[in-house]
Amino acid sequence: MGDTVLIAVYALAAGSVVALLGALALRPLRGRSVTVHVGLLLVVTVTAVVAGVVTVARAMFLNGHDLRVVLITVVASAAVSLLVGLLFGRRLATAAVWAAQARERERQAEAGRRELVAWVSHDLRTPLSGMRAMAEALEDGVVRDPATVARYHGQIRVEADRMSRLVDDLFELSRINAGALRLAMTRVPLGDVVSDAIAATAPVAAGRRIRIVAAETGWPTVTASEPELARVVANLLMNSVRYTPPDGTVRVDAGHDPDGAWLAVSDSCGGIPEGDLARVFDVAFRGERARTPDAQPGGGGGGLGLAIVRGLVEAHGGRVLASNVGPGCRFVVHLPVA
């Protein structure tokens, strides 16, 4: 009984020393992956066993032959334990990272939904209040002269169009987020799409005395769904026109790169704060109040235009980037070339 207690004391002392050294080794590895921590813990465990065996043998409780047998058994078991531990540790690390990223995405999505509801509520409440007031004035006969009646009717139509655009944007965004978007991919001449988008944006640009300049040559042919690609270009153009000061210029360029084709829309809006560049494609993000286009011609969207652009471009297997260049911003869309 005395020998058993002494063996336990020797083994416990040796294991405690190894455990202390392992704890000290873990301190500088706090920022490393879960796999590294699991691997080190397994090494510490096996080393503690080996240290206990060697310590007991040194105390003459085991002869040389028995020590070799035990050490061979421990080393073989340790190899299997380390292999299995590292394998499952890597899986555990991957699962932990995925879970953390999923929680962060869910948190960002929930914050985006709350912000979207707030913006849409504001954007719907304002025109609805105005339409109701004008409709009541017309119904009660408060306004009678033909000029004012015609102006009220025109304003009601404008506000109805604005709400219709907002509802269309919400529907498009819901299709993208729900994975219900179906693209009919064909060869699309990018120059034709840009030409049509410029023609559609021209009235708003003319009202703000903004020139839209497009390159005459070099337009690539891309693999895309033409309606969705047209919406991407139209949204980028309208966004640039809304934020460019009067008498400014919006430029559209395109070309080829090693990854495919690119389309760039540049404006002279004065730039976007560096802290906002990573968020310009978020749902309902409008940035600082000075960039909120509520009173600008063409209506002030619900902060959904660039979010729709990103969703549609990524559905095509491409990507869209924003940067500050010169006196304004530059949005670059990369798409697969036909």
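Please read all numbers here as calculations on a predicted model, not as lab measurements.

J.: Break down the overall build of the protein chain for me, citing the residues and quoting the values.
T.: Regarding its fold elements, the protein chain presents eight helices and seven strands. Split into buried and exposed, the 338 residues of the protein chain put 37% on the buried side. In the protein chain, once contacts between residues fewer than 6 apart in sequence are set aside, the share between residues at least 24 apart is 72%. Here the protein chain has roughly 19,100 Å² of accessible surface; of this, 61% comes from carbon and sulfur atoms.

J.: Could you give an account of the pattern of salt bridges, naming the residues involved and the relevant values?
T.: For the coordinates displayed, the defined rule picks out 10 salt bridges. Here Arg107 makes a salt bridge to Glu104, at a shortest N to O gap of 2.6 Å. Taken together, the residues span about one helical turn, with Arg107 and Glu104 both in helix H3 (residues 64–140) at a distance of three residues. Residue Arg107 is classed as partly exposed on the basis of its relative accessible area, which comes to 49%.

J.: So what about the pairing of strand S7 (residues 328–335)? Which residues, and what values?
T.: Counted residue by residue, S7 has seven buried out of eight residues, so it is predominantly covered. Where strand S6 (residues 319–325) meets S7, seven bridges bridge the pair, whose relative direction is antiparallel. Following the sheet pairing, Ala322 is matched in S7 by Phe331. A loop of two residues connects S6 with S7, the two strands running antiparallel in sequence, and Gly326 in this loop sits at a positive phi of about 60°.

J.: I'd like a description of the nonpolar core, backed by residues and values.
T.: Across soluble globular proteins, nonpolar side chains show a tendency to be buried alongside one another. Counting 49 residues, the largest nonpolar core has Leu229, Leu236, Leu237, Leu263, Phe331 and Val333 as its most contacted members. Membership of the second largest hydrophobic core comes to eight residues, among which are Met131, Met134, Val149 and Met163.

J.: Got a sec to walk through unusual backbone geometry? Specific residues and values, please.
T.: With a phi close to 55°, Arg209 is a non-glycine residue in the positive phi region. Residue placement: Arg209 occurs in the loop between helix H5 (190–207) and strand S2 (211–214).

J.: Could you give an account of the sheet that holds S2, naming the residues involved and the relevant values?
T.: In space, the five strands of this open sheet follow the order S2-S4-S5-S7-S6, with mixed pairing throughout. Edge positions in the open sheet fall to S2 and S6, since each of these has one partner strand only. Sheet twist, expressed as the mean angle between neighbouring strand axes with direction ignored, is 20°. Across four bridges, the pairing between S2 and strand S4 (residues 249–257) is parallel. Residue pairing in the sheet places Ile212 in a bridge with Val250 of S4. Docked against the sheet, helix H6 (residues 226–243) engages S2, S4, strand S5 (260–266) and S7, running at close to 175° with respect to S7.

J.: Let's hear about a nonpolar patch on the surface: which residues, and what values?
T.: Residues Val80, Leu83, Val84, Leu87 and Phe88 make up a contiguous nonpolar surface patch of roughly 490 Å² in combined accessible area. Inspection of the secondary structure puts Leu87 in helix H3. With a relative accessible area of 45%, Leu87 lands in the partly exposed category.

Quick notes on the rules
- Along each chain, numbering runs from 1 in the same order as the chain's sequence is written.
- For a predicted model such as this one, the threshold for reporting local features is a pLDDT of at least 70, and the threshold for listing and counting side-chain atom pairs is 80 or more; totals across whole chains, interfaces and linings nevertheless cover every residue.
- To get the side-chain values, take all heavy atoms of the structure and skip hydrogens and water.
- Put simply, DSSP marks the helices as runs of H or I at least four residues long and the strands as runs of E at least two long, and each gets a number from the N terminus on.
- Here's how the labels work: a residue is buried when its accessible area is under 20% of the maximum for its type, exposed when over 50%, partly exposed in between, all with a 1.4 Å probe on protein chains only.
- Working rule for contacts: check all heavy atoms of both residues, and any pair within 4.5 Å makes them a contact.
- Using the Shrake-Rupley algorithm and a 1.4 Å probe, accessible areas are obtained, with residue cover drawn only from the displayed protein chains.
- Salt bridges are defined as contacts in which a side-chain nitrogen from Lys or Arg sits within 4 Å of a carboxyl oxygen from Asp or Glu.
- In this analysis, strands are considered paired if DSSP registers two or more bridges between them.
- Joining through side-chain atoms within 4.5 Å is the link that ties buried Ala, Val, Leu, Ile, Met, Phe, Trp, Tyr and Cys residues into a set, and such a set is a nonpolar core.
- Here an angle of 0 to 180 degrees is reported between the N-to-C directions of two axes, which are lines fitted to C-alpha atoms, with helices fitted over the stretch in contact.
- Only residues whose relative accessible area exceeds 30% and that form no salt bridge enter a patch; like-charged residues are grouped when within 9 Å of one another, and nonpolar side chains (Val, Leu, Ile, Met, Phe, Trp, Tyr) when within 5 Å.

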